[in-house]
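Coordinate inspection notes
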Amino acid sequence: MSSTPVQRAITEAIEAAASTEARVSILIRALGRSGLARVPERGPEVLRFLEGPLLDALIERLGPTVATEIGDQLRPVLRMASRGSNVAPSRTSRPPPSDAGVEPRPTLRVIDPARFDALDGETPKLSPIDSSGVRPTPMRPLPERDHASHTAATRRMEQHKDEAIPPAAVFVLATLDDALTAAVEQLPNVRVRRVRGLFELVDASDEARDRITTLVFDCSQPPVHVASLLALAADMPEPMQVAVIGATKLDLSAIYASPERTIGWHYLDRMTAAELAAKIAVAARAFGG
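Residues numbered from 1 in each chain as written. Predicted model: local features only at pLDDT ≥ 70, side-chain atom pairs only at ≥ 80, totals over all residues. Heavy atoms only, no water.

Of all 6 residues making up strand β3 (residues 213-218), 6 are buried, and the element is well covered by its neighbours. Because side chains alternate across β3, one face comprises the buried residues Thr213, Leu215 and Phe217, and the other comprises Thr214, Val216 and Asp218, equally buried. The pairing of strand β1 (residues 170-174) with β3 spans 5 bridges and is parallel. In the sheet register, phenylalanine 171 faces β3, and the bridge partner there is threonine 214. Here β3 pairs with strand β4 (residues 240-245) via 6 bridges, running parallel. (Buried < 20%, exposed > 50% of the residue type's maximum accessible area, 1.4 Å probe, protein only. Helix = DSSP H or I, 4+ residues; strand = E, 2+ residues; numbered from the N terminus. Pairing = 2+ DSSP bridges.)

In structure tokens:
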């Protein structure tokens, strides 16, 4: 989503009361329900977006009291936009500095004493001054992989992977891999829905409120970024489970860093189409008893 005046106003109003993850989730849901690809900027569509899908999404995520406060704050600003007027600049926006008559200032780099090439008790050895007149910070060689320290997050990312997909009545397959989809859709007596984009994922999440559903998210060929999945996580209904397939360490790092609904998810290694179909068949039979 591009940053536009109306969207900046909405962003600031929501993030004054909620997290960035909540704001992304609210906008995704509001856009999905309005059928729009982006936040409208001018004309009557601006107020229709606020009074309809945006307020509905605010109420669902933040409650009626906070949603009303945000709506009251945005209404005068978006009313101007609906008439074609320019929206007031963001509180954090500043005019670009003028370069007229100002000499460029040299770039300074702060040197961390802990990174000097020196032995205990000896005078630190400074690197020679370069052609710009600045002494560069000496760089330590990267540690060998075998001796690299592991943080708690890294240890969690290397935890034992799950072997099974959680049982469910319906399986939502989020992937752009046609081979995976074809193998799963051929399973008899298994209800499968494929999603290829963000709005389809929002709809599938809404439909999962009245039945046990497992979302199988393929990190190798995902239809949406993992960050978008996490933005929707807090809005996922209780019956919905998530099986993440083939997550990289970068994917797992984002998941573990997110405060939204990461506990209880299932993590499986990348697998072939036949292997995935077999696991989903087992999960469907386990649900049916």
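Take the environment of leucine 27 next. For leucine 27, the location among the structural elements is in helix α2 (residues 20-34). According to the relative accessible area criterion, leucine 27 is buried, its value standing at 0%. Distance in space between the C-alpha atoms of leucine 27 and valine 39 is 8.4 Å, their sequence separation being 12 residues.

The next thing to look at is the pattern of salt bridges. Counted under the stated rule, the structure contains 13 salt bridges. Note that lysine 161 and aspartate 269 form a salt bridge whose closest N and O atoms lie 2.9 Å from each other. On the criterion of sequence distance, the pair formed by lysine 161 in the loop between α5 (152-157) and β1 and aspartate 269 in the loop between β5 (266-268) and α10 (273-288) is long-range, its members being 108 residues apart. Judged by its relative accessible area of 21%, lysine 161 falls in the partly exposed class. (Salt bridge = Lys/Arg side-chain N within 4 Å of Asp/Glu carboxyl O.)

What follows concerns the confidence of the model for the protein. Looking at the protein as a whole, the pLDDT averages 76, with 70% of positions reaching at least 70. Note on residues 86-124: pLDDT is under 50 here. Beyond four places in sequence and across chains, it has 35 contacts. Below a pLDDT of 50 lies the segment residues 139-157, which in the model reaches 9 contacts outside its immediate sequence neighbourhood of four places, other chains included. (pLDDT = per-residue confidence, 0-100. Contact = heavy atoms within 4.5 Å.)

To describe a pair of aromatic rings, one takes the distance between the centres and the angle between the planes. Inspection of every chain in the model, using the stated rule, returns 1 aromatic pair. Here tyrosine 256 and tyrosine 267 contribute two aromatic rings whose centre-to-centre distance is 6.2 Å and whose plane-to-plane angle is 35°, an arrangement assigned as tilted. Of the two residues, tyrosine 256 sits in helix α9 (residues 249-257) while tyrosine 267 sits in strand β5, which places them 11 residues apart along the sequence. Judged by its relative accessible area of 7%, tyrosine 267 falls in the buried class. (Phe/Tyr/Trp six-rings, centres within 6.5 Å; stacked < 30°, edge-to-face > 60°.)

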